[in-house]
Amino acid sequence: MATVLEQVHAALRLKSRALDDDEITPLIEACKADLRMHGVRRVDETDPLIARAIVLYCKAYFGYDDQTERWQACYDGLRDSMELSGDYREEDV
């Protein structure tokens, strides 16, 4: 299974890694902070929904195309669904 960083690279269709990682890694951390701020307490990058939320967040904030509002709306919807789910409100063990 690909790491979340690899998933983001694939989703953004990036060819180089070195320079892009300096921008993508902080976006991943910002997404995790945003999830926690909105009540998602179980933020595990190996969870498929968390990984998807991170990819959507990065697509919205990396600014690589004109679809940023669409990706932001998708992220917001997924984040809000996880916020309401009891599965994501428990602290990581």
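Residues numbered from 1 in each chain as written. Predicted model: local features only at pLDDT ≥ 70, side-chain atom pairs only at ≥ 80, totals over all residues. Heavy atoms only, no water.

Concerning the packing of aromatic side chains
Part 1: Scanning all chains against the criterion turns up two aromatic pairs.
Part 2: Seen from their ring centres, Tyr 57 and Tyr 61 are 4.5 Å apart, and the 40 degrees between their planes marks the pair as tilted. One end of the pair is Tyr 57 and the other is Tyr 61, both in helix α3 (residues 48-62) and four residues apart, which spans about a single turn.
Part 3: Accessibility expressed as a relative area gives 10% for Tyr 57, which makes it buried.
Part 4: Of the residues examined, Tyr 61 reaches a relative accessible area of 44% and is grouped as partly exposed.
Part 5: Aromatic ring contacts, followed pair by pair, group Tyr 57, Tyr 61 and Tyr 75 into a single cluster.
Part 6: Residue placement shows Arg 42 over the ring face of Tyr 88; its charged tip is 4.6 Å from the ring centre.
Part 7: Taking the ring centre of Trp 71 as reference, the NZ or CZ of Arg 70 above it sits at 4.4 Å. (Phe/Tyr/Trp six-rings, centres within 6.5 Å; stacked < 30°, edge-to-face > 60°. Helix = DSSP H or I, 4+ residues; strand = E, 2+ residues; numbered from the N terminus. Buried < 20%, exposed > 50% of the residue type's maximum accessible area, 1.4 Å probe, protein only. Lys NZ or Arg CZ within 6 Å of the ring centre and 35° of its normal.)

Overview of unusual backbone geometry
The bulk of non-glycine residues show a negative phi, and the bulk of peptide bonds are trans.
Part 1: Positive phi values are uncommon outside glycine, yet Arg 13 reaches one of about 55 degrees.
Part 2: Following the sequence through the fold, Arg 13 ends up in the loop between α1 (4-12) and α2 (18-37).
Part 3: Residue classification places Arg 13 among the exposed residues on the basis of a relative accessible area of 66%.

Let's talk about the environment of Lys 59
Part 1: Turning to its location among the elements, Lys 59 is positioned in helix α3.
Part 2: Assessed through its relative accessible area of 10%, Lys 59 is described here as buried.
Part 3: Between the C-alpha atom of Lys 59 and that of Ile 24, which follows or precedes it by 35 residues, the distance is 10.0 Å.

Digging into the side chain of Lys 32
Part 1: As for its position among the elements, Lys 32 is in helix α2.
Part 2: Leave out the neighbours within four places in its chain, and Lys 32 touches Val 43, Glu 45 and Ile 54. (Contact = heavy atoms within 4.5 Å.)

Quick word on the packing of α3 against helix α4 (residues 68-84)
Each packed pair of helices is defined by two parameters, the angle between the axes and the distance between the axes.
Part 1: Their axes nearest at 8 Å, the elements α3 and α4 cross at an angle of 150 degrees. Classified by the angle between their axes, α3 and α4 sit roughly antiparallel to one another. Judged by the twist between their axes, the crossing of α3 over α4 is left-handed. Between α3 and α4, the contacting residues are Leu 49, Ile 50, Arg 52, Ala 53, Leu 56, Tyr 57, Lys 59, Ala 60 and Tyr 61 on the first element and Thr 68, Trp 71, Gln 72, Cys 74, Tyr 75, Leu 78 and Met 82 on the second. (Axes fitted to C-alpha atoms, helices over the stretch in contact; angles between N-to-C directions. Parallel < 35°, antiparallel > 145°, perpendicular 65-115°, else oblique. Left-handed = near helix turned anticlockwise from the far one by under 90°.)

Points about the packing of α1 against α3
Part 1: Here α1 crosses α3 at 45 degrees, and the two axes come no closer than 9 Å. Taken together, the axis directions place α1 and α3 in an arrangement best described as oblique. Read as a crossing pair, α1 and α3 show a hand that is right-handed. Residue-level inspection shows Val 4, Gln 7, Val 8, Ala 11 and Leu 12 of α1 in contact with α3, the latter providing Ala 51, Ile 54, Val 55, Cys 58, Lys 59 and Phe 62.
Part 2: Taken together, the residues that form the contact of α1 with α3 break down as nine nonpolar, one polar and one charged. (Nonpolar A, V, L, I, M, F, W, Y, C, P; charged D, E, K, R; others polar.)

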